[in-house]
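Working through the structure, step by step
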Amino acid sequence: AALAETVAGAAVGCRNMVLITLGTGVGGGIIVDGQIVSGLGGAGGEVGHSLLVLDGQPCTCGRSGCWEAYASATARQGKEAAASHPDSLLNRYPALTGRDVFDAADDGDAAAKAVLDRYYDYVAAGITNLVNILSPEMVLIGGGISRQGERLLAPIRRYVAVNCFGGTERPQPVIQAAQLGNEAGIIGAAAL
């Protein structure tokens, strides 16, 4: 998917970039000097399993505190907020999803807005780590949550600019939504 974005998507011509996909997990693809970073056994780019919170939330991989446990979707945080705020609009959804959290925030729910603000910080903290390690030209965000557009991207850009090593004194990567959606993987495979 990351390769696809460099040949036919939002990162055409970019030789150093990171693609993050936000969905049921946090996926990643890294392109350095125009090449996929595949790592030992093809496991390179598993960015969702980098540590974000020491001794944090359990992750599906068996560890605790992985970035994926905090940034894969807003539903877990939404359910916690709904339980602690009985009057929240979050409680109107029997099977609360990440999309429902955005909808409740759109309807003015304070608990949902707080969940989103924290969620943006979690996503941005992981991206900041990648920026500090790789210093890419571009970071693309894909997955269903990327359809939130600037609502998602603007707070992430602000966080990264302030919190990355060197802050606003260093060149900042372009941070934007991926373009190719669900077709990215097959386009990337064809590009290989």
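See the structure shown above.
What comes next concerns the included structure. Predicted model only: the values in this text are computed from it and were never measured. (Residues numbered from 1 in each chain as written. Predicted model: local features only at pLDDT ≥ 70, side-chain atom pairs only at ≥ 80, totals over all residues. Heavy atoms only, no water.)

Quick notes on the nonpolar core
Membership of the largest hydrophobic core comes to 37 residues, with the highest contact counts inside it found for Ile-20, Leu-22, Trp-67, Leu-90, Ile-127, Ile-141 and Ile-156. For this core, the elements supplying multiple residues, two or more each, are β1 (17-22), β2 (26-32), α2 (67-71), α3 (75-84), α4 (98-106), α5 (110-134), β4 (138-142) and α6 (150-163). With 11 residues, α5 is the largest single contributor of residues to this core. When residues no more than four places from it in sequence are discounted, the contact partners of Ile-156 are Tyr-120, Val-123, Ala-124, Ile-127, Ile-141 and Ile-175. Of all hydrophobic cores here, the second largest spans 10 residues; its members include Ala-2, Cys-14, Leu-19 and Ile-31. (Core = buried A, V, L, I, M, F, W, Y, C linked by side-chain atoms within 4.5 Å. Buried < 20%, exposed > 50% of the residue type's maximum accessible area, 1.4 Å probe, protein only. Helix = DSSP H or I, 4+ residues; strand = E, 2+ residues; numbered from the N terminus. Contact = heavy atoms within 4.5 Å.)

Here we look at the packing of aromatic side chains
To describe a pair of aromatic rings, one takes the distance between the centres and the angle between the planes. The tally for this structure, following the rule as stated, stands at 2 aromatic pairs. Seen in terms of ring centroids, Tyr-70 and Tyr-122 are 4.7 Å apart; in terms of plane orientation they differ by 50°. Their pairing is tilted. Of the two residues, Tyr-70 is situated in helix α2 and Tyr-122 in helix α5; the sequence distance between them amounts to 52 residues. Here the two residues Tyr-70 and Tyr-122 agree in accessibility, since each one is buried. (Phe/Tyr/Trp six-rings, centres within 6.5 Å; stacked < 30°, edge-to-face > 60°.)

Looking at the pattern of salt bridges
In the structure shown here, the tally under the stated rule is 4 salt bridges. A salt bridge links Arg-157 to Glu-150, with the nearest nitrogen and oxygen atoms 2.6 Å apart. Residue class for Arg-157 comes out partly exposed when judged on its relative accessible area of 30%. Accessibility expressed as a relative area gives 46% for Glu-150, which makes it partly exposed. (Salt bridge = Lys/Arg side-chain N within 4 Å of Asp/Glu carboxyl O.)

Side note on α4
Along α4, the positions that sit buried rather than exposed are Gly-98, Asp-100, Val-101, Phe-102, Ala-104 and Ala-105. Residues of α4 that are buried sit in contact with α3, α5 and α6. Residue Gly-108 follows α4 closely and has a positive phi angle near 90°.

Focus on the environment of Ala-71
Topologically, Ala-71 is positioned in helix α2. Residue Ala-71 is classed as buried on the basis of its relative accessible area of 0%. Between the C-alpha atom of Ala-71 and that of Tyr-119, which follows or precedes it by 48 residues, the distance is 6.5 Å. Aside from chain neighbours lying at most four places away, what touches Ala-71 is Leu-22, Val-26, Tyr-119 and Val-123.

Re unusual backbone geometry
As a rule of thumb, non-glycine residues mostly have phi less than zero, and peptide bonds are mostly trans rather than cis. In this structure, Asp-55 is a non-glycine residue whose phi angle is positive, near 60°. Position of Asp-55 among the secondary structure elements: in the loop between β3 (35-36) and α2.

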